[in-house]
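# Topology and contacts: notes
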Amino acid sequence: MDLTYTDEEEAFRAGLRDWLATVLPKLPAKPSPQDWPGRRAYDTSWQRMLYDAGYGEVHWDASPTQRLIFLEETEKAGAPYVGANFVGLLHAGPTIASEGTPEQRERWLPPVLRGDEVWCQGFSEPDAGSDLASLRTRAWRDGDHYVVSGSKIWTSHAEVADWCELLVRTTPVSEAVPKHRGITWLAMQMDAPGITVRPLRTLAGSTEFAEVFLDEVRVPVANRVGEENDGWRVTMVTLSYERGTAFVGEVVACRRVLGELAREARKNGRWDDAVLRRGLGRLSAEFSALWRLTQWNVSEAQRTGGVPGVGGSVFKLRYSHARQELYDAAADVLGAGALDLGHEWNLDRLSSLSYTIAAGTSQIQQNIVAERILGLPKER
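In this report, we go over the structure that sits alongside the text. (Residues numbered from 1 in each chain as written. Predicted model: local features only at pLDDT ≥ 70, side-chain atom pairs only at ≥ 80, totals over all residues. Heavy atoms only, no water.)

## What about the side chain of Asn223?
Threshold: Runs of H or I in DSSP of at least four residues are treated as helices and runs of E of at least two as strands, each being numbered from the N terminus. In what follows, residue pairs with any heavy atoms lying within 4.5 Å of each other are defined as contacts.
By secondary structure assignment, the location of Asn223 is in the loop between strand 7 (209-220) and strand 8 (224-225). When sequence neighbours within four positions are dropped, the list of residues in contact with Asn223 reads Gln104, Trp108, Trp163, Trp185, Leu186 and Ala187.

Structure (structure tokens):
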């Protein structure tokens, strides 16, 4: 497996670095994490700048390696993250690019790339989180529409979204064998009649998640991506992106934070603790290995046509725990300062608690690795 970069790829990196060095000093201050309408405006304005500079399509029209370089360099430079539209750019957009019809790609991809429209993710339900195949939000055909009723939870950025990548059940659980065969992937407009959004406040005080209640919402059949009852396969494409390349920038950020922790420990005297030093050294090796695994996954995706494979589950499983360990180490470095929620590391520590649940729990990732990579039986 060749993990080196071609001359063309290095030229892409150099051009991106030059552009970032020119535009980043001119950006306005980022809005408060609690101001999601402000964050939406900030994040989509940044996306428009990327689009106008020719970098808007990097999330799905560029090669996986160019996408890796883009995410690496923007994080290193401190550029804005995709933020409020991470679902559109990193999940729904790539899925539609891979699975949508030409008409669907023409309708939905350009507005995401330009920052005109924001997407949220309507997958999890109160009784169907890790066991996503048990979802019960129902959709039935009425002429050229599906009529959808049910509820979703942990719907990312629903309060500022224009569209939702929505999983619905088009065949009842009692009739679908196996049960995941009765699921369909729809694109739902968030201002449609019958939708109620109730934001959920996190430990850190922000409201990037919401409950969404659906009361006979009409969604055009033309908004279905893939065939009816084939939504589980389409969803696996979505999740492969979510677990594969979506965390690239965060690995780079974690390596940066690790260096900051070492500098802070030297400054406040915690560096004298040999146990802490060994822990930081192990984390340095851990994130270096995760970066190499990321490169391997991207190289494999490029070889197989652009969609990340099950190696993304290996990465997501270990990264989720490594991130939590990183911010536990940050608490050790800060000492009593670990109780100060005004410190970014402490907010990130609270956020890290969700990583072993989001995008599929660690237990789900272990099952995927066991069954699809190791070839172990699904049931005893």
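Moving on from the model shown.
## Focus on helix 4 (residues 86-99)
This is how it is decided: To estimate how far a helix should reach, multiply one less than its number of residues by 1.5 Å. One axis is fitted to the seven residues ending at the residue and one to the seven starting there. The bend at that residue is the angle between these axes. Only protein chains enter the accessibility calculation, which uses a 1.4 Å probe; a residue is then buried when its area is under 20% of its type maximum, exposed when over 50%, and partly exposed in between.
In this model, helix 4 (14 residues) spans 19 Å end to end at C-alpha, consistent with the 20 Å of a helix rising 1.5 Å per residue. Along helix 4, the largest kink reaches about 40° and is centred on Ala92; proline Pro94 follows within four residues of it. Summarising burial for helix 4: eleven of the 14 residues are buried, a large majority. For helix 4, the set of buried residues is Phe86, Val87, Gly88, Leu89, Leu90, His91, Ala92, Gly93, Pro94, Thr95 and Ile96.

## Notes on the nonpolar core
The condition is simple: What is meant by a nonpolar core is a set of buried Ala, Val, Leu, Ile, Met, Phe, Trp, Tyr and Cys residues, joined one to another through side-chain atoms within 4.5 Å.
Ranked by size, the top nonpolar core spans 43 residues in total, and within it Trp19, Trp46, Phe70, Leu261, Phe287, Tyr319 and Leu326 carry the most contacts. Those elements giving two or more residues to this core turn out to be helix 1 (7-23), helix 2 (36-52), helix 3 (64-76), helix 7 (248-268), helix 8 (274-304) and helix 9 (311-334). Per element, the largest residue contribution to this core is ten residues, and it comes from helix 9. Sequence-distant contacts of Leu261, defined by excluding residues within four places in its chain, comprise Leu280, Leu326, Ala329, Ala330, Val333 and Trp345. One finds Ile96, Val112, Phe123 and Val234 within the second-largest nonpolar core, a separate group that totals 24 residues.

## Digging into the pattern of salt bridges
Note the threshold: Put simply, a salt bridge is a Lys or Arg side-chain nitrogen that is within 4 Å of an Asp or Glu carboxyl oxygen.
Here the structure, examined in full by the defined rule, presents 25 salt bridges. Lys76 is the partner of Glu72 in a salt bridge, and the nearest nitrogen-oxygen pair spans 3.1 Å. Highlighted residues: Glu72 and Lys76, both in helix 3, separated by four residues, approximately one helical turn. Between Glu325 and Arg318 there is a salt bridge; the shortest N-O distance is 3.0 Å. Using a relative accessible area of 25% as the deciding quantity, one classes Glu325 as partly exposed. By relative accessible area, which is 28% here, Arg318 ends up partly exposed. One network of salt bridges, with partners in common, ties together Glu10, Arg13, Arg17, Glu72, Glu73 and Lys76.

## Brief notes about the packing of helix 2 against helix 5 (residues 102-114)
Put simply, the test is: Throughout, an axis means a line fitted to C-alpha atoms (over the contacting stretch in the case of helices), and angles, computed between N-to-C directions, take values from 0 to 180 degrees. Angles are sorted into four bins: roughly parallel if under 35 degrees, roughly antiparallel if over 145, roughly perpendicular if 65 to 115, and oblique for all others. Each residue gets one label: Ala, Val, Leu, Ile, Met, Phe, Trp, Tyr, Cys and Pro are nonpolar, Asp, Glu, Lys and Arg are charged, and the others, such as Gly, are polar.
Following both chains from N to C, one finds helix 2 and helix 5 inclined at 105°, their axes separated by 6 Å at the closest point. With respect to helix 5, the element helix 2 is oriented roughly perpendicular. Of the residues in helix 5, those touching helix 2 at Thr44, Gln47, Arg48 and Tyr51 are Val112, Leu113 and Arg114. Broken down by class, the residue content of the contact of helix 2 with helix 5 amounts to three nonpolar, two polar and two charged.

## Brief notes about the environment of Val23
The topology assignment puts Val23 in helix 1. What makes Val23 buried here is its relative accessible area of 11%. Residues Val23 and Val333 lie 310 residues apart in sequence; the distance between their C-alpha atoms is 34 Å. Among residues more than four places away in sequence, those in contact with Val23 are Trp46 and Met49.

## Structural notes on empty space enclosed by the protein
A probe as big as a water molecule, rolled over the atoms, marks out the empty space that is left. Which entries qualify depends on this criterion: Two kinds of site are reported from a 1 Å grid over the protein atoms alone, namely cavities, where a 1.4 Å probe fits but cannot get out, and pockets, open sets with protein on both sides within 12 Å along at least five of seven lines, and residues are called lining when an atom falls within 4 Å of a point. Grid points are joined across faces, edges and corners, and a volume is the space filled by probe spheres set on the points.
Following the criterion strictly, the structure yields four cavities of 30 Å³ or more and no others. Approximately 140 Å³ is the volume attributed to the largest cavity. Every residue lining the largest cavity is counted, 13 residues in all, and those nearest its centre are Leu71, Thr74, Pro80, Tyr81 and Val82. Sorting the residues of the lining of the largest cavity by element identifies helix 2 and helix 3 as the ones contributing at least two each. Among the elements that take part in the lining of the largest cavity, helix 3 stands out by supplying four residues, more than any other.

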